Amino acid sequence: MTGFTDIHSHVIYGVDDGAQTEAEMEAMLDAAHAQGISTLFATSHVTPGVLPFDHALYEQHLMQARRYCRERGYGLTVQAGAEIMYTPAIRHYAAERLLPTLAGSDHILLEFVPDAAYQEIENAVGLAERSGYVVTLAHIERYDCLYRAQNAYRLKERHDVHYQVNCSTIVDGRGFWKDRQIRAWLRDEMIDFVASDAHNCIRRPFRMREAYTALEQRVGEEYAKWLTGLERSDMGWMSKGLHSEE
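Residues numbered from 1 in each chain as written. Predicted model: local features only at pLDDT ≥ 70, side-chain atom pairs only at ≥ 80, totals over all residues. Heavy atoms only, no water.

Further remarks concern the overall build of the protein. In terms of regular secondary structure, the protein is built from 9 helices and 7 strands. A globule of 246 residues ought to have a C-alpha radius of gyration of about 18 Å, and the protein, at 17 Å, matches this closely. Considering only C-alpha atoms, the protein reaches an extent of 50 × 45 × 30 Å along its principal axes. When the 246 residues of the protein are sorted by exposure, 55% land in the buried category. (Helix = DSSP H or I, 4+ residues; strand = E, 2+ residues; numbered from the N terminus. Rg over C-alpha atoms; globule rule 2.2 N^0.38 Å. Buried < 20%, exposed > 50% of the residue type's maximum accessible area, 1.4 Å probe, protein only.)

Right, let's talk about the confidence of the model for the protein for a bit. Residues at a pLDDT of 70 or more form 93% of the protein, whose mean pLDDT is 94. Predicted confidence for residues 239-246 stays below pLDDT 50, and this span has 16 contacts to residues more than four positions away or in other chains. (pLDDT = per-residue confidence, 0-100. Contact = heavy atoms within 4.5 Å.)

Let's shift gears to helix H2 (residues 55-72). Here H2 spans 26 Å end to end across 18 residues, near enough to the 26 Å set by a 1.5 Å rise per residue. Taken residue by residue, H2 has Tyr-58, His-61, Leu-62, Gln-64, Ala-65, Arg-66, Tyr-68 and Cys-69 as its buried positions. Those residues of H2 hidden inside the fold are in contact with helix H1 (22-34), strand S2 (37-46) and strand S3 (77-85). You can read the cap of H2 off the contacts: a side-chain oxygen lies 3.3 Å from the backbone nitrogen of Ala-56, and it is on Asp-54. Once H2 ends, the next one or two residues include Gly-73, with phi positive near 75°. (Expected span 1.5 Å × (residues − 1). Polar contact = N/O pair within 3.5 Å; in protein donor to acceptor, adjacent residues only side chain to side chain.)

As a further point, take the environment of Lys-178. Among the secondary structure elements, Lys-178 is positioned in helix H7 (residues 176-187). For Lys-178, a relative accessible area of 24% puts it in the partly exposed group. For the pair Lys-178 and Val-50, spaced 128 residues apart in sequence, the C-alpha separation works out to 31 Å. When residues no more than four places from it in sequence are discounted, the contact partners of Lys-178 are Glu-141, Asp-144 and Tyr-147.

Taken in spatial order, the 7 strands make up an open sheet running S1-S2-S3-S4-S5-S6-S7, and their pairing is parallel. The sheet terminates laterally at strand S1 (4-6) and strand S7 (193-195), the two strands that pair on one side only. Neighbour to neighbour, the strand axes of the sheet diverge by 30° on average, direction disregarded. Here 8 bridges tie S2 to S3, and the two strands are oriented parallel to one another. Of the residues in S3, the one forming a bridge with Thr-39 is Thr-77. In the packing of helix H8 (residues 208-219) onto the sheet, contacts are made with S1, S2 and S7, and the angle to S1 comes to roughly 115°. (Pairing = 2+ DSSP bridges. Axes fitted to C-alpha atoms, helices over the stretch in contact; angles between N-to-C directions.)

This brings us to the packing of H8 against helix H9 (residues 221-228). Interhelical geometry of H8 versus H9 gives an angle of 145° and a closest axis separation of 7 Å. As H8 runs across H9, the sense of the crossing is right-handed. Taken together, the residues of H9 that come into contact with H8 (itself represented by Met-208, Tyr-212, Leu-215, Glu-216 and Val-219) are Glu-221, Tyr-223, Ala-224, Lys-225, Leu-227 and Thr-228. Broken down by class, the residue content of the contact of H8 with H9 amounts to 7 nonpolar, 1 polar and 3 charged. (Left-handed = near helix turned anticlockwise from the far one by under 90°. Nonpolar A, V, L, I, M, F, W, Y, C, P; charged D, E, K, R; others polar.)

Turning next to the nonpolar core. Membership of the largest hydrophobic core comes to 80 residues, with the highest contact counts inside it found for Leu-29, Leu-137 and Trp-185. Among the elements that line this core, the one with the most residues is helix H4 (residues 118-130), at 6 residues. Ignoring any residue separated from it by four or fewer positions in sequence, one finds Trp-185 in contact with Ile-140, Leu-146, Tyr-147, Ala-152, Tyr-153, Met-190 and Ile-191. (Core = buried A, V, L, I, M, F, W, Y, C linked by side-chain atoms within 4.5 Å.)

Moving on: H9. Those residues of H9 that fall on the buried side of the exposure criterion are Tyr-223, Ala-224, Lys-225, Leu-227 and Thr-228. Once H9 ends, the next one or two residues include Gly-229, with phi positive near 85°.

So this is what it looks like as structure tokens:
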């Protein structure tokens, strides 16, 4: 059995609100290894057309993260990625194939503000789809519109879209009414990934083991393994255009 695959983390230091120093990044990598993560996507925040992003600095620090894992002897692959905040500029970036993807594949991790309208989310997913991207919606439990009118189901029926939920939501919950809907999504196997969204080791840690244990009790071993990436670290779900770590 392989380790967990965590498709959402902010481990690269100095580029967003995740790790702030090299030492903090290294502590997060230590923690990821201790959590049993074998594939970790470094999905720093990117806001197209609004906030500048230092891609060169990201690449430099990504190489440092990979080197640190090799030197420590960790069986931990750090893959490139980004958590893309939806902005109107995405239309241009998608058309020009400029959106940063997960490990060089066609998959993107896309987030919205919590009060985003359903139609805005569906329009963005459709736009990305027409531009050749496959969308994973980051932490779908934050979007109030998806709890209403069976919208989460409707979006999946209309588009090839994946849903990611944070470990903290699985472990701690989000309140009675939302937890009931999240349980229904899990029951209906609507969720594709449970990932950490880790930003540090204290306030927003990885928690993959806790989430897996809770999932195993709620949905059974097979689906719990699927959600956390156990036994699918070959990333066959994003095989089209996938580039391995250099």
